[in-house]
Amino acid sequence: MIAALALAAAAAVLQAQPILTIGPKHRIVEGIASDGKTMFVSSIIDRKLLACTTTQCRTFAVTPPGLHPFGIAWDAMRKRLWVAASCPKGVPGIVACERGALLGYDARGRLMTRVASAGGTFLPGDVSVSSAGVFVSDSSNGAVHRLADGARRLEIVLGAGIGKSGQGSALSVDGKTLIVADYAQGIAAIDLASGTRVLLPRVGGKPLRGIDGLVRCGSTYYGLYNGASPGTLVAITRSGNEIAVEQPLGELVLADPTQVAIDGDRLLIVADSGWATIGEAGFVRSLGTVIMAVDVPGGCTGG
């Protein structure tokens, strides 16, 4: 996989350490977020949002019937845990539907917000927060929506069908551009004023496909590649309409990773999520999901 991506090793290799294991009864752990004190994770099949320390987890909230929590993000400005709740086809333990929702929970685990797109299929897979609002991406059709401050409805940032599978997103340093990982098409930049989207290939013209979670730390975007096994953390920097990609963990690879979050001066990564084995008939999971911590020199405060 590393050779196929032609990733260059970063000049300074970062170190990853396991800090928590989520029990195997949680069959797919997808999202991760942090408020600086508590780590939140989403357990898809049992519809649970967990609040964790490095030693234990408790149930923070359970999503409404029929909606399963995928990507999550803690919003320090609005004091909300945002959840991309969905019901896609083809996942054992999920009853497929056409309409998911963006959910917002307060710090006590009370559901305060539930919104969806105005019409059509809406199957959100990931969510990010910023000063420009809450952005939620649709994994089924590539659409991206925004919930602005004070708004009760989602507005369209990128219409359905332009992309294919919207995943993680992060606002640029200047607040004018949303960087979105489209799993099938690659990294894209959306101008928020005009709605124009451009794909950002790697130097040489090849797209960076297979990126799931995405965050920004300073001017660097960190994403999780899981388009093939094993996966890895990538560091992405933009120069014009191209991107440079590095492998900040060096030769270290990650089994079945999904999401990444910023926690002060470190990144938190979901590894061994459970997706790789969920479709195996009769498989009983014996090992849990590992949460990895990666210290970032200088930290990501204000990123």
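Further up the page is the structure itself.
Report on the accompanying structure.

Criteria and thresholds
Residues numbered from 1 in each chain as written. Predicted model: local features only at pLDDT ≥ 70, side-chain atom pairs only at ≥ 80, totals over all residues. Heavy atoms only, no water. Helix = DSSP H or I, 4+ residues; strand = E, 2+ residues; numbered from the N terminus. Rg over C-alpha atoms; globule rule 2.2 N^0.38 Å. Buried < 20%, exposed > 50% of the residue type's maximum accessible area, 1.4 Å probe, protein only. Contact = heavy atoms within 4.5 Å. Areas by Shrake-Rupley, 256 points an atom, 1.4 Å probe, with all protein chains shown as cover. Lys, Arg positive; Asp, Glu negative; His and termini not counted. Charge placed at Lys NZ, Arg CZ, Asp CG, Glu CD. Phe/Tyr/Trp six-rings, centres within 6.5 Å; stacked < 30°, edge-to-face > 60°. 1 Å grid on protein atoms, 1.4 Å probe; cavity = no way out; pocket = protein on both sides within 12 Å on 5 of 7 lines; lining within 4 Å. Points joined across faces, edges and corners; volume = space filled by probe spheres on them. Nonpolar A, V, L, I, M, F, W, Y, C, P; charged D, E, K, R; others polar. Disulfide = S-S within 2.5 Å. Pairing = 2+ DSSP bridges.

Examining the overall build of the protein chain
Assigned secondary structure in the protein chain consists of one helix and 25 strands. What you see for the protein chain is a C-alpha radius of gyration of 18 Å, in line with the 19 Å of a compact globule of 303 residues. In terms of principal-axis extent, the alpha carbons of the protein chain reach across some 45 × 45 × 35 Å. Sorting the 303 residues of the protein chain into buried and exposed places 54% on the buried side. Considering only intrachain contacts with a sequence separation of at least 6, the fraction spanning at least 24 residues in the protein chain is 50%. Of the roughly 12,900 Å² of accessible surface on the protein chain, 52% is carried by carbon and sulfur atoms. One way to put it: in the protein chain the 27 positive side-chain charges average out to a point 7 Å from where the 23 negative ones average out.

Side note on unusual backbone geometry
Residue Ser-229 is joined to Pro-230 through a cis peptide bond whose omega torsion reads 0°. Even without being glycine, Lys-79 reaches a positive phi, approximately 55°. Position of Lys-79 among the secondary structure elements: in the loop between β7 (68–75) and β8 (80–86). A residue is classified by how much of its surface remains accessible, and Lys-79, at 49% relative accessible area, is partly exposed. Positive phi, normally seen in glycine, also occurs at Asp-256, with a value near 55°. For Asp-256, the location among the structural elements is in the loop between β22 (242–247) and β23 (260–263).

Topic: the packing of aromatic side chains
The final tally for this structure, using the stated rule, is three aromatic pairs. For the pair Phe-70 and Trp-275, a centre-to-centre distance of 6.3 Å together with 35° between the ring planes defines the contact as tilted. Taken together, the positions of Phe-70 in strand β7 and Trp-275 in the loop between β24 (266–271) and β25 (289–295) put the pair 205 residues apart, joining distant regions of the chain. With a relative accessible area of 7%, Phe-70 lands in the buried category. Relative accessible area serves as the criterion here: at 27%, Trp-275 is assigned to the partly exposed category.

Some words on the layout of surface pockets
Here the second largest pocket defines a volume of roughly 570 Å³. Forming the walls of the second largest pocket are 31 residues, and the residues nearest its centre are Glu-30, Phe-70, Gln-167, Asp-212 and Trp-275. Residue classes in the lining of the second largest pocket are distributed as 13 nonpolar, 13 polar and five charged.

What about the state of the cysteines?
Scanning the entire structure with this criterion turns up three disulfides. A sulfur-sulfur separation of 2.1 Å characterises the disulfide bridge that pairs Cys-52 with Cys-57. Around the S-S axis, the bridge from Cys-52 to Cys-57 shows a dihedral of about 110° and counts as right-handed. According to the relative accessible area criterion, Cys-57 is partly exposed, its value standing at 35%. A sulfur-sulfur separation of 1.7 Å characterises the disulfide bridge that pairs Cys-87 with Cys-97. Across the disulfide from Cys-87 to Cys-97, rotation about the S-S bond amounts to roughly -55°, and the bridge is consequently left-handed. You can see Cys-87 sitting in the loop between β8 and β9 (101–105) and its partner Cys-97 sitting in the loop between β8 and β9, a full 10 residues away along the chain. Residue class for Cys-87 comes out buried when judged on its relative accessible area of 0%.

Observations concerning the pairing of β9
For β9, a buried count of five out of five residues is recorded, marking the element as mostly surrounded by other parts of the structure. Burial along β9 is two-sided: Ala-101, Leu-103 and Tyr-105 and Leu-102 and Gly-104, pointing in opposite directions, are all buried. Pairing between β8 and β9: five bridges, direction antiparallel. Within β9, the position partnered with Leu-81 by the bridge is Tyr-105. Note: β9 against strand β10 (residues 111–115), four bridges, orientation antiparallel. Note that in β10 the partner of Tyr-105 across the bridge is Leu-111.

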